[in-house]
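Results of the structural survey
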Amino acid sequence: MNEEKRANGKSHIPKDSFLFEKVVPVALILMGIITLGLILFAAGVLLGIVRF
Amino acid sequence: MTINHILPFLSTAVMLVFVAHVLQRYFVRRQPHFLFWGIGLAMFGAGSFAEAYLALAWNKWVFFAWYLFGAALNAAWIGHGTLYLLVRKKWVHVVTAVLVIGSLFAGYLMLQVMPRLDTAVFTTDKLISQQYGTKVLEAGETAPAGALTVTTTYRGEEVTAVRGILPLGTPVRLTTPFFNIYGLLTLVGGAIYSAYLFWRKRVMPNRVIGNVLIAAGALLIGFASTLTRLGYGEYLYIGELVSAILMYAGFRFAARPQPDEVMQPVPAAAD
């Protein structure tokens, strides 16, 4: 991917950083789950399960 | 005047600065993702401005802009910019054509409903997000105090509904989930994916944080829109403002040059 190609030779994530070791991965996973939930809701509207 | 009357003005101001920043980059670099981001963010700003206007007075064309740009299209156009950034394949141009045709079709459906808007229910005492849709009452459910209701036939059943500005079963409302699903997938999914790539390679922490902020901002407005759809429109305006601030902060953060980039400049990912 283009993003990967650009990533070579750039500044680095600090080692043993609580933000990058704990907060970022948890935030990414949580946001992925919430995104999936919102997409299912929108699909529910399309399928008539959620009435409006 | 309440805080909800002021918030859309603040969101509009943030989006104006954001759009100017993004389009300026497009005119310098001529990369299509900046153009789509700029158009989508301008739609977001138009929606916010329309909310601000409709908090003070009625105008059917401002309502047209609010629903079409603010509720239906903006996320998909911003997200399409992210698709252009992440995927450099010819099929993206086909998706562009589908998006443009779909947007024109939604505009056509919106134009069709304009003569049938139930303007008698409009009031400046309520937010536009709380009065735009006609909502069917479930069995045993009672209408809120003071709400105007109508009994009509809908999908073969006789139903009672709380009247809203858009009539019951308006086709344009069926288009919004398509645009919003696409917008969520590309905008939030794209930002999460970008953050993950940089995080996995342990490089460019500014873009990891920038993309996390962009994803969080986009998710927040998606969440607030979902609450609006469920009848809790009072959270939409604060959601829009925080979303606009988070996405702009993420954009600026991701665009911030890092020491290595100053030494060896490269095209930026999310700048």
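Placed above this text is the structure.
Focus: the overall build of chain B
Scanning chain B for helices and strands turns up eight helices and three strands. Ordered by position in the sequence, the α and β elements of chain B form the string α-α-α-α-β-β-β-α-α-α-α. Expressed along its principal axes, the backbone C-alpha trace of chain B runs to roughly 70 × 40 × 35 Å. Out of the 271 residues belonging to chain B, those deemed buried represent 54%. Taking the contacts inside chain B whose residues are at least 6 apart along the sequence as the reference set, 73% of them involve residues at least 24 apart. Accessible area of chain B: about 12100 Å², with a carbon and sulfur share of 67%. Counting 20 positive and 12 negative side-chain charges, chain B places the averaged centre of each group 15 Å from the other.

Structural notes on a nonpolar patch on the surface
On the surface, V26, I29, L30, I33 and I34 of chain A together with F223 of chain B cluster together into a nonpolar patch covering about 590 Å² of accessible area. Counting residues per element, the nonpolar patch draws most heavily on helix α2 (residues 18-47) of chain A, at five residues. Judged by its relative accessible area of 46%, F223 of chain B falls in the partly exposed class.

As for the sheet that holds strand β3 (residues 157-162) of chain B
Residues and elements named next belong to chain B. Strands sit in the order β1-β3-β2 across an open sheet of three strands; the sheet is antiparallel. The open sheet terminates on both sides in strands that have one partner only, identified here as β1 (135-136) and β2 (149-154). Two strands pair when backbone bridges link them, and β2 and β3 are joined in this way by six bridges, in the antiparallel orientation. From the neighbouring strand, T149 faces β3, where its bridge partner is V162.

A few points about the layout of surface pockets
All names here are of chain B. By volume, the largest pocket is sized at about 630 Å³. Q130, G133, K135, P144 and V162 are the residues nearest the centre of the largest pocket, which is lined by 28 residues in total. Its residues placed into classes, the lining of the largest pocket shows eleven nonpolar, ten polar and seven charged. Taken together, A76, V95, V98, L99, G102, F105, T175, F178, F179 and Y182 form the lining of the second largest pocket. Elements with a minimum of two residues in the lining of the second largest pocket: α4 (91-113) and α5 (171-201). In terms of residues, the lining of the second largest pocket owes the most to one element, α4, which gives five residues. Among the residues making up the lining of the second largest pocket, the classes are represented as eight nonpolar, two polar and no charged.

Points about the environment of L227 of chain B
Residues and elements named next belong to chain B. Residue placement: L227 occurs in helix α6 (residues 205-229). By relative accessible area, L227 is classed as partly exposed at 23%. Sequence separation of L227 and A42 is 185 residues, and the distance between their C-alpha atoms is 23 Å. The residues touching L227, leaving out its near neighbours within four places in the chain, are Y232, G233 and Y235.

Here is what the cut-offs are and how they apply
Residues numbered from 1 in each chain as written. Chains lettered and ligands numbered in written order. Predicted model: local features only at pLDDT ≥ 70, side-chain atom pairs only at ≥ 80, totals over all residues. Heavy atoms only, no water. Helix = DSSP H or I, 4+ residues; strand = E, 2+ residues; numbered from the N terminus. Buried < 20%, exposed > 50% of the residue type's maximum accessible area, 1.4 Å probe, protein only. Contact = heavy atoms within 4.5 Å. Areas by Shrake-Rupley, 256 points an atom, 1.4 Å probe, with all protein chains shown as cover. Lys, Arg positive; Asp, Glu negative; His and termini not counted. Charge placed at Lys NZ, Arg CZ, Asp CG, Glu CD. Patch = residues over 30% accessible without salt bridge, like charges linked within 9 Å, V, L, I, M, F, W, Y side chains within 5 Å. Salt bridge = Lys/Arg side-chain N within 4 Å of Asp/Glu carboxyl O. Pairing = 2+ DSSP bridges. 1 Å grid on protein atoms, 1.4 Å probe; cavity = no way out; pocket = protein on both sides within 12 Å on 5 of 7 lines; lining within 4 Å. Points joined across faces, edges and corners; volume = space filled by probe spheres on them. Nonpolar A, V, L, I, M, F, W, Y, C, P; charged D, E, K, R; others polar.

Treat this as a map of the structure, not an account of what it does.
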